[in-house]
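Architecture at a glance
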Amino acid sequence: MHIEFTQADSSHVEDLVDLVNSAYRGDSSKQGWTTEADLLDGQRVDAEGIQALIDKEESVILVAEDDDTGDLLGCVHVEKQGSKMYLGMLTVAPELQSKGLGKLLLNESEALAQFWDCNTIFMTVISVRTELIKWYEKHGFRNTKETKPFPYGDERFGIPKVEGLQFTVLEKKV
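Within every chain, residues take consecutive numbers counted from 1 along the sequence as written. The predicted origin of the model limits local features to residues at a pLDDT of at least 70 and limits the giving and counting of side-chain atom pairs to 80 or more, whereas totals for whole chains, interfaces and linings rest on all residues. The basis for the side-chain values is all heavy atoms of the structure; hydrogens and waters are excluded.

**Points about helix α1 (residues 13-24)**
- Its 12 residues place the ends of α1 17 Å apart at the C-alpha level, agreeing with the 16 Å of an ideal helix rising 1.5 Å per residue.
- With a 1.4 Å probe rolled over the protein chains alone, any residue whose accessible area is under 20% of its type maximum counts as buried; one over 50% counts as exposed, and the rest are partly exposed. Secondary structure elements follow DSSP: runs of H or I no shorter than four residues count as helices, runs of E no shorter than two count as strands, and numbering proceeds from the N terminus. Looking only at α1, the buried set comprises Val13, Leu16, Val17, Leu19, Val20, Asn21, Ala23 and Tyr24.
- Here the buried face of α1 lies against α2 (26-29), α3 (47-55), β3 (59-66), β4 (72-81) and β5 (84-92).
- Glycine 26 sits one or two residues past α1 and shows a positive phi near 75°. A helix is expected to span 1.5 Å multiplied by its residue count minus one. Contact criterion: two residues are considered in contact whenever any of their non-hydrogen atoms come within 4.5 Å of each other.

Right, dumping it as structure tokens:
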């Protein structure tokens, strides 16, 4: 497999919705280790939200595609916010997880942060996702111990199955 990294455009929207939802929600997500299916029902993203990220200034969705088949293998959303860069929606197709593609997407994100002259990459992770937090820590992120509330009542981000969800802020100097 030969992987090509490109910037998403409107032609990627539906495939991105399918990819992200398949990796985080429902039975298909249980093939991989990034599932949130035990914590949240519903969707992770929708077409409107993906298009808004594509259209937003200083916001990019990087996509990893199989150069031979054109299949979408993974993605990550990055957004310049002053001297920092927000990283979110890091997604690898469930059947391809644990093969290094997530790390490649992180590397591409770091290169973009440096291009944008950002000195820090930050993200939020659901605090009970300890295995995911440990993965990011293994890749140089640190837990800031700062938390942010989960958007209960906003079904665009999923329908919580448990109480008390919140986000932990992680960051990495670049």
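**Observations concerning the side chain of histidine 77**
- With respect to the element layout, histidine 77 can be found in strand β4.
- Residue classification places histidine 77 among the buried residues on the basis of a relative accessible area of 4%.
- Polar contact is the term for a pair of N or O atoms within 3.5 Å; when the atoms are in protein, one must be able to donate a hydrogen and the other to accept it, and sequence-neighboring residues count only if both atoms are side-chain atoms. A distance of 2.8 Å separates polar atoms of two side chains, one belonging to histidine 77 and the other to serine 59.
- Beyond its immediate stretch of four places on either side in the chain, histidine 77 contacts Leu53, Ser59, Val60, Ile61, Tyr86, Leu87, Gly88 and Met89.

**Some words on the pattern of salt bridges**
- The working definition used for a salt bridge is a side-chain nitrogen of Lys or Arg within 4 Å of a carboxyl oxygen of Asp or Glu. Under the defined criterion, the tally for this structure stands at nine salt bridges.
- With its nearest N and O atoms 2.4 Å apart, the salt bridge here joins glutamate 36 to arginine 25. On the criterion of sequence distance, the pair formed by glutamate 36 in the loop between α2 and β2 (40-41) and arginine 25 in the loop between α1 and α2 is long-range, its members being 11 residues apart.
- Overall, glutamate 36 belongs to the buried group, its relative accessible area being 6%.
- For arginine 129, the salt bridge is made with glutamate 131, and the minimal N-O distance between the two is 3.0 Å.
- In this structure arginine 129 comes out as buried when scored by relative accessible area, which is 3%.

**A word on the environment of threonine 34**
- In this fold, threonine 34 is placed in the loop between α2 and β2.
- For threonine 34, a relative accessible area of 11% translates into the label buried.
- The sequence separation of threonine 34 and alanine 23 amounts to 11 residues, and the corresponding C-alpha distance is 6.6 Å.
- Once residues within four sequence positions are removed from consideration, threonine 34 is found in contact with Ala23, Tyr24, Gln97 and Arg129.

**Some remarks on the packing of aromatic side chains**
- For Phe, Tyr and Trp, where Trp contributes only its six-membered ring, two rings pair if their centres lie within 6.5 Å, and the inter-plane angle classes them as stacked under 30 degrees, edge-to-face over 60, or tilted in between. In total, this model carries six aromatic pairs according to the counting rule given.
- Judged by centre distance (5.6 Å) and plane angle (75°), the rings of tyrosine 136 and phenylalanine 141 are edge-to-face. Here tyrosine 136 matches phenylalanine 141 in class, with each residue buried.
- These aromatic residues form a ring-pair network of at least three members: Trp33, Trp135, Tyr136 and Phe141.
- Against the face of tyrosine 24 rests arginine 44, its NZ or CZ located 4.4 Å from the ring centre. Counted as over-ring charges are cases with an Arg CZ or a Lys NZ within 6 Å of the ring centre that also lie within 35 degrees of the ring normal.

**Comments concerning the side chain of serine 109**
- Within the secondary structure, serine 109 is located in helix α4 (residues 101-115).
- In terms of polar contacts, serine 109 uses its side chain to reach the backbone carbonyl oxygen of leucine 105, at 2.9 Å.

**Examining the sheet that holds β4**
- Pairing between two strands is assigned when DSSP locates at least 2 bridges connecting them. Here we have seven strands laid out as an open sheet, ordered β1-β3-β4-β5-β6-β9-β7, and mixed in their pairing. The sheet is open, and its two borders are formed by β1 (3-7) and β7 (142-149), each paired with just one other strand. Sheet twist, expressed as the mean angle between neighbouring strand axes with direction ignored, is 25°.
- This element, α4, spans β1, β3, β4, β5, β6 (120-126) and β9 (166-173) of the sheet and lies at about 160° to β5.
- A fitted line through C-alpha atoms serves as each axis, taken over the contacting stretch for helices, and the angle formed by two N-to-C directions is quoted from 0 to 180°. This element, helix α5 (residues 130-138), spans β5, β6, β7 and β9 of the sheet and lies at about 165° to β6.

All we've got here are geometric facts, nothing functional implied.
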